[in-house]
Amino acid sequence: MPRFWMLFGAQVFGAFADNALRNATIVAIIAAATVSVGEDFYFFGDLANEAGTIVSIGFTLPIFAFAMISGQMADRVPRHVMARRLKFLELILMSLAALWFFLGQALPLVLTLALMGAQTAFFQPVRFALMPQYFPPSRLARANGIMQAGTFIAIVTGLGLGGYYFEVENGRMIVSAMLVGAAVIGWLLAIRLPEAPPPGREPINWNIPAVAWRYFREAGKTPGVLWPILANGYFWLVGAFLLAHMPIFMRDQLGGTNQDYALLNAFFALGAGLGSIIAGVLAPKLKEPKQMSAVALMVGMAALIGVYFYTRVPFTGEFQLFGPAGYPLMTLFIISSAANGVFAVPMLASFQANAPKAISARIMGVANMTNGLFATVGAILASVFRNAGIDPAQMFLVMVAMGGSVLMIMFWRFRMFRGQHVGAEGT
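The rules behind the values
- Residues numbered from 1 in each chain as written.
- Predicted model: local features only at pLDDT ≥ 70, side-chain atom pairs only at ≥ 80, totals over all residues.
- Heavy atoms only, no water.
- Core = buried A, V, L, I, M, F, W, Y, C linked by side-chain atoms within 4.5 Å.
- Buried < 20%, exposed > 50% of the residue type's maximum accessible area, 1.4 Å probe, protein only.
- Helix = DSSP H or I, 4+ residues; strand = E, 2+ residues; numbered from the N terminus.
- Contact = heavy atoms within 4.5 Å.
- Phe/Tyr/Trp six-rings, centres within 6.5 Å; stacked < 30°, edge-to-face > 60°.
- 1 Å grid on protein atoms, 1.4 Å probe; cavity = no way out; pocket = protein on both sides within 12 Å on 5 of 7 lines; lining within 4 Å.
- Points joined across faces, edges and corners; volume = space filled by probe spheres on them.
- Nonpolar A, V, L, I, M, F, W, Y, C, P; charged D, E, K, R; others polar.
- Salt bridge = Lys/Arg side-chain N within 4 Å of Asp/Glu carboxyl O.
- Polar contact = N/O pair within 3.5 Å; in protein donor to acceptor, adjacent residues only side chain to side chain.

What follows covers the nonpolar core. The tendency in soluble globular proteins is for nonpolar side chains to be buried as a group. In terms of nonpolar packing, the biggest core is built from 120 residues, with Leu 264, Phe 333, Phe 343 and Phe 396 touching the most fellow members. Among the elements that line this core, the one with the most residues is helix 1 (residues 2–31), at 17 residues. When near neighbours in sequence (up to four residues on either side) are disregarded, Phe 333 contacts Met 246, Phe 249, Leu 264, Phe 268, Val 307 and Phe 396. Among the nonpolar cores identified, the runner-up in size contains 18 residues, and Ala 67, Ala 219, Phe 351 and Ala 367 belong to it.

As structure tokens, this is what we get:
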């Protein structure tokens, strides 16, 4: 349907540009960790080694900060109008970021990324709310699967090309052109979105803590909303943790290049896209899709344990991602990330379909705030654990422990639900 493909394209090209810029910035700053003041991409000396964490926080913290305001606006302003305006703002910001990248200015680049995070905070509730407005519940899981898959493919391409082209001749110009080109296409698609009127005209409440608490309570009252939101936030936490950790893992544990890092990140995102496709196809056919999420989480944990055992001894000599040493690692990452993609899609479909229609965008604002908070925490945890002396390989065991905690919560929730259901039948 045209309405889906316009929204799909606006989302996908935005995801491509965001991740190309984020990864190019991380690679550029870490590569310049030893340069002096005034040289290209200088970023406060040793602080450059924390580029993954800083860039992740700079992008995700504004998502957390503006999520509730953006959710209210998306329930008050016509959603197709809001999407068009936000995509035009994205074009302006991407043009500015492309300029800073081309000029080699690290600090203005990170600040512009933070503004892009704010733009994302306002666009995501609109995109989430438009999905159930454009599609009935029976088609929502499949539409989400396609949307998630396309988004992850865009992330793959953005991560890969953004990091790869930094080190080639005229790479800065190529990356800058990609950023602006993607933003232009996304805006042109957004202006063709069909009309989507808001469900109400309730005034915006600027008391953010009160609003957040109110809609968290609303989410908690509706079955199938709050816990899937928290589970989807965990998915964001894992992604931010990995983005902050992977440059150090590649450099210190594998001895690989910045291009290896960019490509490995791309393969991780590719796996997540494949998992989203699988979940989008299977979820409508299953009686309880969330059980598929639990199985996927266990598969992902097993793959990360495999990554730990494979890399616990630092590699010596020249590491080649496309070589005998690299292929098993890529396979494990693809399995792990595909499992994460399968895990996320049923959760996303659950809170989209079950959120009360009159406040759906504000519930999506709760989800967006949760995602931003969890992603910020994930980026911080990567730095905290690293500075606590946990080596790059052991960090994957930390991720396994986090996944195990989520699995225990899911098992507890399943037993509690089953007990309530049995009790209801016996009365």
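On we go.
Our next topic: the packing of aromatic side chains. Overall, the coordinates contain 13 aromatic pairs when judged by the stated rule. Aromatic pair Trp 227 and Trp 412: ring centres 5.9 Å apart, planes at 70°, arrangement edge-to-face. With Trp 227 in helix 8 (residues 226–254) and Trp 412 in helix 13 (residues 395–426), this residue pair connects regions lying 185 residues apart in the sequence. Accessibility expressed as a relative area gives 35% for Trp 227, which makes it partly exposed. Judged by relative accessible area, which is 45%, Trp 412 ranks as partly exposed.

The final tally for this structure, using the stated rule, is three cavities of 30 Å³ or more. Space inside the largest cavity adds up to approximately 760 Å³. Considering the residues around the largest cavity, the lining is formed by 36 residues, among which Asn 19, Arg 22, Phe 152, Ile 155 and Trp 236 are closest to the centre. Classifying every residue of the lining of the largest cavity gives 18 nonpolar, 13 polar and five charged. In this structure, the second largest cavity spans a volume of roughly 70 Å³. Lining the second largest cavity are Tyr 234, Val 238, Leu 297, Gly 300, Met 301, Leu 304, Ser 336, Asn 340, Met 399, Val 400 and Gly 403. Listed by contribution, the elements that provide at least two residues to the lining of the second largest cavity are helix 8, helix 10 (289–311), helix 11 (326–354) and helix 13. Ranked by the residues each element gives to the lining of the second largest cavity, the list is headed by helix 10, at four residues. In the lining of the second largest cavity, the residues fall into seven nonpolar, four polar and no charged.

Now for the pattern of salt bridges. In the structure shown here, the tally under the stated rule is four salt bridges. Between Asp 40 and Arg 172 there is a salt bridge whose closest N-O contact spans 2.6 Å. Here Arg 172 lies in helix 6 (residues 171–190) and Asp 40 lies in the loop between helix 1 and helix 2 (51–74), a separation of 132 residues in the sequence. You can call Asp 40 partly exposed: its relative accessible area is 36%. Owing to a relative accessible area of 23%, Arg 172 belongs among the partly exposed residues under this scheme. Ionic pairing is found between Arg 251 and Asp 252, a salt bridge with its closest N-O pair at 2.9 Å. Classification of Arg 251 as partly exposed rests on a relative accessible area of 37%. The exposure class assigned to Asp 252 is partly exposed, which follows from its relative accessible area of 41%.

The subject of this paragraph is the side chain of Gln 11. Positionally, Gln 11 belongs in helix 1. By relative accessible area, which is 6% here, Gln 11 ends up buried. A distance of 3.5 Å separates the side chain of Gln 11 from the side chain of Thr 151, its partner in a polar contact. The contacts of Gln 11, once residues within four sequence positions are left out, are Phe 123, Gln 124, Arg 127, Met 147 and Thr 151.

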